[in-house]
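Analysis of the macromolecular model
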Amino acid sequence: MNLDYLPVRIRYRFWAIYCVIFKSKDHWDVVLRQVAKQYGPVFTFWFGTRPQVMITDIDLGREAFRKNDMAASNMSNEKCQDVVSTDYGPQWEALRRVAHSAVHHEYFRRERLFAETIDIVKGKYIKHYDDYNESIERDFCDALISAKNDALRDGKESAPYLTDTNLSMAIFDIFLAGTDTTIMNFCDALISAKNDALRDGKESAPYLTDTNLSMAIFDIFLAGTDTSQHTFQWIVLLMSYYPEMQQKLRQEIESQIGDRMPTHEDRNRCHYVMAFIAETLRFRNVVPTGLPHKTLVDTKLDKYTIPKNMSVFVYQSIICRNDKDWQNSDEFKPERFIDSEGQFITTRPKAFIPFGVGRRVCLGEKLAIADLFLVLVRFLQSTQDYDIVLDSNGGIEYNPNTAENLGPSEYRIKLIKLTMIESNK
Ligand code: HEM
């Protein structure tokens, strides 16, 4: 392997971390997997001038972040004051609690918000698509570009979000363009949590300053939008890449939900949809290394001693995709999350950690899964007369040409009306 490396700043778009990548034609995740094979389950990796400990084994990861969770529960950037970056302690606890309550509050609004969002997409794009494509199938991107041009012409705030890369982007971009109300709701929930804490003289009250609360809002969007958006890009790519799975998704939705709006409850009856989402999170993890934690004290891990103040990563994508913990780990197989009764396995396998491990585990997990479910179901319902077909040959790998994008390489899909497929047979 070429060890001639180059310090660059990898921008997880918002989550800026400093990193070193090898000069390699492969994505850095592929390179780090090779490094892990060579150096074993715990190794030190230099990001620029800073040593970082990488853990690539689930038992050691759990030992580090669960058993020693107090020791490894700091985040490594001590300069910021938000939930994600605040060191472990009473301020983090207070912020995490109010952010969690805002996210929980948002969860109950989601069904309507997403149903409406997808219906806007349906109304605008599918209608447009039908109007202009009576005889031949056309690229869905045409509809997208035309909608983008409308938005640009009318000077709409949403215009910058209407990128023309693919449909999945569009769905989430429209969601983003509609976030004013979501931000207001989060703000309201946070302010009322602060007022409650002040009124009740809670210990957390002094930490709930306006600056800290606005940082918490920032976190909820920073940590919650790119991650969900990229995961949805993978979902659309994978169901286009595996048409037989798309059919299974459609059949289940038709038999269990039909045309009505999906609800959170429906997750209990759509076992294949849930398995498909879980397998996407396992197979193409959008936060491959997890976030950097920092040891508060010298910490013993297996035969290693990790010194105080060392950055520690649990390398999620290696743990979610290795042949020790998963059968044929490189195969995309939603069935691995379905039991012999055909039910979605709700007890998660120990190496399924797309949302992290331990005390600092993702606080938006429940919301993220709920969102992915609602958007996927409504999207498939909205396109029930079509087949979603891949219109590019990029494969299903991480985009090797960019360090920052943990989504797939750019791809194109098109919607083909089922009647056309039938008549072409
Ligand atoms: C598919 C979607 C998502 C994925 C894969 C994901 C993944 C992660 C991961 C791996 C972490 C780091 C855990 C650790 O340090 O061990 C994290 C932290 C976090 N996530 Fe998520 N996340 C997603 C969606 C969301 C959403 C929707 C929200 C909020 C609405 C959110 C808010 C947060 C916050 C605030 C943290 C920091 C928690 C703390 O430090 O206490 N995430 N997420």
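Described below are features of the structure shown in this document. (Residues numbered from 1 in each chain as written. Predicted model: local features only at pLDDT ≥ 70, side-chain atom pairs only at ≥ 80, totals over all residues. Heavy atoms only, no water.)

**Quick word on the overall build of the chain**
Within the chain, the secondary structure is distributed over 13 helices and 11 strands. Long-range contacts, defined here as pairs at least 24 residues apart, represent 70% of the contacts in the chain between residues at least 6 apart. Accessible area for the chain stands at about 19,800 Å²; split by element, carbon and sulfur atoms hold 52% of it. (Helix = DSSP H or I, 4+ residues; strand = E, 2+ residues; numbered from the N terminus. Contact = heavy atoms within 4.5 Å. Areas by Shrake-Rupley, 256 points an atom, 1.4 Å probe, with all protein chains shown as cover.)

**Remarks on the packing of helix H9 (residues 243-256) against helix H12 (residues 365-382)**
Where H9 meets H12, the closest approach of the two axes is 10 Å, and the angle between their N-to-C directions is 90 degrees. Classed by the angle they form, the pair H9 and H12 counts as roughly perpendicular. On the side of H9, the interface is formed by Leu249, Arg250 and Ile253, while H12 contributes Val377, Leu380 and Gln381. (Axes fitted to C-alpha atoms, helices over the stretch in contact; angles between N-to-C directions. Parallel < 35°, antiparallel > 145°, perpendicular 65-115°, else oblique.)

**Notes on the pairing of strand S11 (residues 413-417)**
Most of S11 sits out of view: 4 of its 5 residues are buried. As paired elements, strand S10 (residues 386-390) and S11 share 5 bridges and run antiparallel to each other. By the bridge assignment, tyrosine 386 is partnered in S11 with lysine 417. (Buried < 20%, exposed > 50% of the residue type's maximum accessible area, 1.4 Å probe, protein only. Pairing = 2+ DSSP bridges.)

**A short note on the coordination of the iron atom of the ligand**
Its sole protein donor being Cys362 (SG), the iron atom of the ligand sits 2.3 Å from that atom. Relative to the assigned elements, cysteine 362 resides in the loop between helix H11 (316-320) and H12. (Donors = N, O, S within 2.8 Å, 3.2 Å for Na, K, Ca; no water.)

**Remarks on the site of the ligand**
With respect to spatial proximity, 28 residues lie near the ligand, and among them Trp92, Arg96, His293, Arg360 and Cys362 are the closest. Histidine 293 has a polar side-chain atom sitting 2.7 Å from an oxygen atom of the ligand. With respect to the ligand, the side chain of arginine 360 contributes an N or O atom lying 2.9 Å from an oxygen atom. For the shell around the ligand, the secondary-structure elements that each account for two or more residues are helix H3 (90-107), helix H8 (210-241) and H12. Ranked by the residues each element gives to the shell around the ligand, the list is headed by H8, at 6 residues. Of the residues belonging to the shell around the ligand, the class tally is 18 nonpolar, 8 polar and 2 charged. (Near = heavy atom within 4 Å. Polar contact = N/O pair within 3.5 Å; in protein donor to acceptor, adjacent residues only side chain to side chain. Nonpolar A, V, L, I, M, F, W, Y, C, P; charged D, E, K, R; others polar.)

**Some points on helix H1 (residues 28-39)**
Over its 12 residues, H1 runs 16 Å from end to end, which matches the ideal 16 Å to within 8%, given 1.5 Å per residue. The set of residues buried in H1 consists of Trp28, Asp29, Val31, Leu32, Arg33, Val35 and Ala36. Just past H1, the residue glycine 40 takes up positive phi, approximately 90 degrees. (Expected span 1.5 Å × (residues − 1).)

**Let's talk about unusual backbone geometry**
Residues other than glycine seldom take positive phi values, yet aspartate 302 does so here, at roughly 55 degrees. The partly exposed category is assigned to aspartate 302, whose relative accessible area is 46%. Phi angles above zero are rare outside glycine, and asparagine 328 is one such case at about 45 degrees.

**What about the nonpolar core?**
Of all hydrophobic cores here, the largest spans 64 residues; its most connected members are Met239, Val273, Phe276 and Phe373. The dominant element in this core, judged by the number of residues it contributes, is H12, at 10 residues. Beyond its immediate stretch of four places on either side in the chain, phenylalanine 276 contacts Ile235, Leu238, Met239, Met245, Leu249, Phe332 and Pro334. Ranked by size, the runner-up nonpolar core spans 23 residues in total, among them Val83, Val98, Ala205 and Ile220. (Core = buried A, V, L, I, M, F, W, Y, C linked by side-chain atoms within 4.5 Å.)

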